[in-house]
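# Close look at the chain arrangement
Now for the letters of each chain:
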Amino acid sequence: MAPEKGKTVDSTAAHIDAFAPPEEKATAGGPSAIPVALVWAMSGAAAGVGLGAWAQTIGLVKSLVPEGLGGAVLWFVLGAIAFRTERHYANRKKELLDGRGRLVRPLSAWLVTVPMALGAAGFLALALAALLRTGSSTPILIFVLAMIGMVGVSRPVIGSRSLARAVEMLDAGRVAESQQRMLWIEAAPWWTANVRSMAALNLGFIALTQQRLDDAANWYNRANRGRDRALACTGLALVRALQGDVEEAERQLTRAGKSGEGRHAQAEIDGVRLLVALRRDGAEEAARLGDRLRNPNSGGLFLGLLACAHARQGNESAAKEVLEEHAAREMIDSVFGDVVPELRELKWVGDVG
């Protein structure tokens, strides 16, 4: 699944989200300066201790504590400054959807790679100094374990940044290039399960817009391994509904609603539920359901299908009233206006199309 135009998925993106979730700005749960500054402080401490170890070897210092503490304090301050600088320039970037359906601007990878490189240099200097003193290989082993830990910590940030870059390509219309990058991310075992599932969600969206429904179903199934099971199940439900299997679509909607992320995908769930009702129960029941579920957060797919239900009943005035919503008009004019047959019916209503 993907976000509405201007609301790209990472997180997910010139494409339209057929299933726009409520727009929720990141608040205290968004990126914070403290964790970043602490990572920089730990790296600064490692660099200070490593430098101090060599100074101690040649007799310049007697204790490593001042060097380690000084490095931690200095790099804590530098980390906080780096975070504020990065956030200032990040305001020029497009907001992406995170795993909780919030609009955020992901952290740049350099905020992790810079302190990681510094810390690695510090640990290496310390290990070599210890090796020189003791002649034991234990310090090198400790260095290797420290590097494994640092890589593990940095994986989510670097992976998310790589995925965000692929989504930015998609948003710029470079579909083939974006798709290749996402295929690489989804298949790479070193990225986290959540990053790979988000790549699968975007690949499912691309396949859906290209009307490759079997491929889209496969990608949404693969996306189920991450945190975004609600979006994956809802995407699969849409595919099954378009294929005419409304019973399977309902099963997937039930799974989406019961998942922990269901409330973040409620607008998408409502849109597919309305499509199922329109195809299974007819226009009258669908219009009744749609009028009951309609709310300020309703997405473009939901509104378009509600307009379709009213139009099929011959209630053109009600259809036009729904289509006054910008999200509905944008959805019908988007690629989904061709993917979902019911939306194609609305090209003649009012000024739409």
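Our structure's up above, just so we're on the same page.
Residues numbered from 1 in each chain as written. Predicted model: local features only at pLDDT ≥ 70, side-chain atom pairs only at ≥ 80, totals over all residues. Heavy atoms only, no water.

### Things to note about the packing of helix α12 (residues 300-312) against helix α14 (residues 326-333)
- Where α12 meets α14, the closest approach of the two axes is 8 Å, and the angle between their N-to-C directions is 85 degrees. Looking at the two axes, α12 sits roughly perpendicular to α14. Contact with α12, carried on its side by Gly 300, Leu 301, Leu 303 and Gly 304, involves Ala 327, Ala 328 and Met 331 of α14 and no other residues of that element.
- When its residues are assigned to classes, the contact of α12 with α14 shows five nonpolar, two polar and no charged. (Axes fitted to C-alpha atoms, helices over the stretch in contact; angles between N-to-C directions. Helix = DSSP H or I, 4+ residues; strand = E, 2+ residues; numbered from the N terminus. Parallel < 35°, antiparallel > 145°, perpendicular 65-115°, else oblique. Contact = heavy atoms within 4.5 Å. Nonpolar A, V, L, I, M, F, W, Y, C, P; charged D, E, K, R; others polar.)

### Some details on the pattern of salt bridges
- Scanning the model with the defined rule gives 13 salt bridges in all.
- Linking Glu 342 and Arg 279 is a salt bridge whose minimum nitrogen-to-oxygen distance equals 2.7 Å. Taken together, the residues Glu 342 in helix α16 (residues 341-344) and Arg 279 in helix α10 (residues 266-281) connect sequence positions 63 residues apart.
- For Glu 342, a relative accessible area of 4% corresponds to the buried category.
- Between Glu 284 and Arg 288 there is a salt bridge whose closest N-O contact spans 3.2 Å. Remark: Arg 288 and Glu 284 occur in helix α11 (residues 283-293); sequence separation between them is four residues, near one turn of the helix.
- Overall, Arg 288 belongs to the partly exposed group, its relative accessible area being 41%.
- What you see here is one network of salt bridges that share partners, running through Glu 250, Arg 280 and Asp 281. (Salt bridge = Lys/Arg side-chain N within 4 Å of Asp/Glu carboxyl O. Buried < 20%, exposed > 50% of the residue type's maximum accessible area, 1.4 Å probe, protein only.)

### Remarks on the environment of Leu 231
- With respect to the helices and strands, the residue Leu 231 is situated in helix α8 (residues 229-242).
- Since its relative accessible area comes to 17%, Leu 231 is described here as buried.
- C-alpha of Leu 231 to C-alpha of Ala 265: the two residues are 34 residues apart in sequence and 6.2 Å apart in space.

### A word on the environment of Asp 214
- Following the sequence through the fold, Asp 214 ends up in helix α7 (residues 213-222).
- Along the sequence, Asp 214 and Val 239 sit 25 residues apart, while their C-alpha atoms lie 8.1 Å from each other.

### Some details on helix α9 (residues 246-258)
- Between its first and last C-alpha atoms α9 spans 18 Å; for 13 residues at 1.5 Å apiece the expected length is 18 Å, and the two agree.
- Within the sequence span of α9, burial applies to Val 246, Glu 248, Ala 249, Gln 252, Leu 253 and Ala 256. Across the axial projection of α9, the buried residues extend over an arc of 155 degrees, all falling on one side. In α9, those exposed residues whose orientation departs by more than 90 degrees from the buried face are Glu 247 and Lys 258.
- On its buried face, α9 sits against α8 and α10. (Expected span 1.5 Å × (residues − 1). Arc of directions from axis to C-beta.)

### Notes on a nonpolar patch on the surface
- On the surface, a nonpolar cluster with roughly 790 Å² of combined accessible area is contributed by Ile 34, Leu 38, Leu 69, Val 73, Leu 74, Phe 76, Val 77, Leu 78 and Ile 81.
- Breaking the nonpolar patch down by element, the ones donating at least two residues are α1 (33-57) and α2 (65-90).
- The dominant element in the nonpolar patch, judged by the number of residues it contributes, is α2, at seven residues.
- Within the secondary structure, Ile 81 is located in helix α2.
- Accessibility expressed as a relative area gives 49% for Ile 81, which makes it partly exposed. (Patch = residues over 30% accessible without salt bridge, like charges linked within 9 Å, V, L, I, M, F, W, Y side chains within 5 Å. Areas by Shrake-Rupley, 256 points an atom, 1.4 Å probe, with all protein chains shown as cover.)

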